[in-house]
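# Structure at a glance
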Amino acid sequence: MNQYLIAANSKRGQLIFNIFRPIDLYIASGGTIATIIMFLIFKPDSMWGAIIVLLPILVCAFLVIPIPNYHNMMCVLQNIYNYYFVERQQFKWRGWCCKDEFKD
């Protein structure tokens, strides 16, 4: 017996709704609260006003949307930033080369 398909310490089991980390929910709820407050303050009367008021929730939804092969867009942007601006290292090639020679 004891033949499991998924490891007991898999990452998805530790996430909220199997999708979100706590920081993802904080960002999404912060964008929602900011949008509601902006709706109460500004009361948009044009299309551009509505877009500006909806901008916080649209940006936050873009950041926490799940995507394949990564957790969400926030992780993708963080990896891009780390690769190009923080952890960019120059490696010098030091190694050996093997030349195959066939001798009869």
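Quick look at the structure, then. (Residues numbered from 1 in each chain as written. Predicted model: local features only at pLDDT ≥ 70, side-chain atom pairs only at ≥ 80, totals over all residues. Heavy atoms only, no water.)

## Notes on helix H1 (residues 22–42)
- With 21 residues, H1 should cover 30 Å at 1.5 Å per step; its first-to-last C-alpha distance of 30 Å lies within 8% of that length.
- Of the positions making up H1, those classed as buried are Asp 24, Gly 31 and Thr 35. One side of H1 holds all its buried residues, which, seen down the axis, span an arc of 35°. Residues Tyr 26, Leu 40 and Ile 41 are exposed on H1 and point more than 90 degrees away from its buried face.
- Residues of H1 that are buried in the fold lie against helix H2 (47–64) and helix H3 (73–86). (Helix = DSSP H or I, 4+ residues; strand = E, 2+ residues; numbered from the N terminus. Expected span 1.5 Å × (residues − 1). Buried < 20%, exposed > 50% of the residue type's maximum accessible area, 1.4 Å probe, protein only. Arc of directions from axis to C-beta. Contact = heavy atoms within 4.5 Å.)

## Quick notes on H2
- The end-to-end C-alpha distance of H2 is 25 Å, a good match for the 26 Å that 18 residues give at a rise of 1.5 Å each.
- Along its length, H2 shows its largest kink, about 50°, at Leu 55, and proline Pro 56 lies within four residues downstream of that point.
- Restricting attention to buried positions, one finds in H2 the residues Val 53, Pro 56, Cys 60 and Val 64.
- Turning to H2, the residues buried within the fold contact H1. (Bend = angle between axes of the 7 residues up to and from the residue.)

## Re the environment of Val 76
- Structurally, the position occupied by Val 76 is in helix H3.
- A relative accessible area of 13% means that Val 76 is categorised as buried.
- Note: C-alpha distance between Val 76 and Leu 63 (13 residues apart in sequence) is 9.3 Å.
- Those residues within four positions of Val 76 in sequence are excluded, and the remaining contacts are Ile 67 and Tyr 70.

## Let's talk about unusual backbone geometry
- Unusually for a residue other than glycine, Lys 43 sits at a positive phi of about 45°.
- Within the secondary structure, Lys 43 sits in the loop between H1 and H2.
- Judged by its relative accessible area of 58%, Lys 43 falls in the exposed class.

## Re the packing of aromatic side chains
- Tallied over the full model, the rule gives 2 aromatic pairs.
- On the numbers, 5.6 Å between centres and 40° between planes, the contact of Tyr 81 with Phe 85 is tilted. Of this pair, Tyr 81 and Phe 85 both sit in helix H3, 4 residues apart, which is roughly one turn of that helix.
- For the ring pair Tyr 83 and Tyr 84, a centre distance of 4.9 Å and an interplane angle of 85° mean the geometry is edge-to-face.
- Overall, the relative accessible area of 52% leaves Tyr 84 in the exposed class. (Phe/Tyr/Trp six-rings, centres within 6.5 Å; stacked < 30°, edge-to-face > 60°.)

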